[in-house]
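# Structural features, examined
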Amino acid sequence: MNDGAAIASTERVVGLFDGVRLTPTQRRIAHCLVQHAGAVGYLSAAEVAELAGVSQPSVTRFAVALGHDGYPALRRRLRELTAAAPSPATAGNELQQAVRAEIGNLDRLAGQLADRERIAATGRLLAASRPLPVLGLRAAAPLAAYFAYFAAKVHPDVRVLDDGGSLLTDRLEQAVEAGARALLAFVLPRYPRETLDTLREARDAGLSVVAITDSPVSPATEHADVVLPAAVGAQLVFDLHTAPMTLAMVLLQAICDAAPAETQRRLEAFEASAARRQLFLG
């Protein structure tokens, strides 16, 4: 299966779970099916259970929760979805195909943004959190830093949590003590265990967790109050994060829109300071 067909197969499998409320165990199974979209139609219930790290009866109950009589019926549906998946244009070399796949990821993200109120409500939630902790470990650290760099121009107290270890919990607790009400987290493959542990700790501390992640069935969904999916490109040696970065900037726009007067005041103050210090050439 070429890259375009594989992406389409994954999207169709993800579509199986739209509007279905899944338990944590069922989300693990769903994530497994998405990660192995090209093969799941030919795996037994026992094989899926082993891949997902759950019991075989859990796989059967999962199939029933999706409206099927049992796992064999779900497997037939998975075969139909993966066999029928259309392939987008794949002309050109593998580098061009990788870029075209990213264009597809951005196009799907644009479709998700049709619900403006959901993004607006999330922006208001994050804008009201003083301070605003932003979590991103390992591969997600650059996205957290990029978001925080610009967010700091319109929000009075943005705190980047991009280092693991015992200090991470200290910094999270300090943010809560200082009045934080929400946490923005970037949770990307390969999903660092420490990131998920921190999401759990954040919710236990009373924070509302907003997660930008690669899939609506990623492991982050179990620990987040708001899940904002943006697909990650996997056609090259290392992942492409074009869509998650775009979504981060869209979310920052929503933060600005939540408090337009304060945003304008802070931006004008920054521009005046930058001009006085001659920070930029242009």
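Relevant structure appears above.
The paragraphs below set out a description of the structure included in this document. Just so it is clear, the model here is predicted, and its values are computed rather than measured.

## A word on the sheet that holds strand 5 (residues 226-229)
An order of 2-1-3-4-5 is seen for the five strands of this open sheet, with the pairing classed as parallel. The two strands at the open ends of the sheet, each matched to only one other strand, are strand 2 (158-161) and strand 5. The sheet shows a mean angle of 20° between the axes of neighbouring strands, taken without regard to direction. Bridge count for strand 4 (residues 208-213) against strand 5 is four bridges, and the pairing is parallel. Among the inter-strand pairings, Ile-212 is bridged to a residue of strand 5, identified as Leu-228.

## Focus: empty space enclosed by the protein
Applying the stated rule across the entire model yields one cavity of 30 Å³ or more. Considering only enclosed or pocket space, the largest cavity measures out at about 60 Å³ in volume. Lining the largest cavity are Ala-127, Arg-130, Val-154, His-155, Pro-156, Ile-255, Ala-259, Glu-262 and Thr-263. Along the lines of polarity and charge, the residues of the lining of the largest cavity split into five nonpolar, two polar and two charged.

## Description of the pattern of salt bridges
According to the stated counting rule, one finds six salt bridges in the structure shown. Its salt-bridge partner being Glu-80, residue Arg-77 comes within 3.1 Å of it at the nearest N-O pair. With Arg-77 and Glu-80 both in helix 5 (residues 71-84), this residue pair falls three residues apart, about one helical turn. Accessibility expressed as a relative area gives 34% for Arg-77, which makes it partly exposed. The salt bridge involving Asp-225 is made with Arg-203; its shortest N-O contact spans 3.2 Å. Of this pair, Asp-225 sits in the loop between strand 4 and strand 5 while Arg-203 sits in helix 10 (residues 193-204), and the two are 22 residues apart along the sequence.

## Re helix 3 (residues 45-52)
Burial in helix 3 covers these residues: Ala-45, Val-48, Ala-49 and Ala-52. Projected down its long axis, helix 3 carries its buried residues within an arc of 100°, all on one side. A positive backbone phi angle near 75° is found at Gly-53, which sits one or two residues after helix 3.

## What about unusual backbone geometry?
Excluding glycine, residues mostly have negative phi values, and the peptide bonds linking residues are mostly trans. Here Arg-130 and Pro-131 are connected by a cis peptide whose omega angle stands at 5°. Among the secondary structure elements, Pro-131 is positioned in the loop between helix 7 (116-127) and strand 1 (132-135). The peptide bond linking Pro-189 to Arg-190 adopts the cis configuration, its omega dihedral lying at 15°. Its location among the elements puts Arg-190 in the loop between strand 3 (182-187) and helix 10. With a phi close to 55°, Tyr-191 is a non-glycine residue in the positive phi region. With respect to the element layout, Tyr-191 can be found in the loop between strand 3 and helix 10. Residue class for Tyr-191 comes out buried when judged on its relative accessible area of 12%.

## Overview of the environment of Glu-222
Considering the arrangement of structural elements, one finds Glu-222 in the loop between strand 4 and strand 5. Residue class for Glu-222 comes out partly exposed when judged on its relative accessible area of 33%. Residues Glu-222 and Leu-196, spaced 26 residues apart in sequence, show a C-alpha to C-alpha distance of 9.0 Å.

Cut-offs applied
Residues numbered from 1 in each chain as written. Predicted model: local features only at pLDDT ≥ 70, side-chain atom pairs only at ≥ 80, totals over all residues. Heavy atoms only, no water. Pairing = 2+ DSSP bridges. Helix = DSSP H or I, 4+ residues; strand = E, 2+ residues; numbered from the N terminus. Axes fitted to C-alpha atoms, helices over the stretch in contact; angles between N-to-C directions. 1 Å grid on protein atoms, 1.4 Å probe; cavity = no way out; pocket = protein on both sides within 12 Å on 5 of 7 lines; lining within 4 Å. Points joined across faces, edges and corners; volume = space filled by probe spheres on them. Nonpolar A, V, L, I, M, F, W, Y, C, P; charged D, E, K, R; others polar. Salt bridge = Lys/Arg side-chain N within 4 Å of Asp/Glu carboxyl O. Buried < 20%, exposed > 50% of the residue type's maximum accessible area, 1.4 Å probe, protein only. Arc of directions from axis to C-beta.

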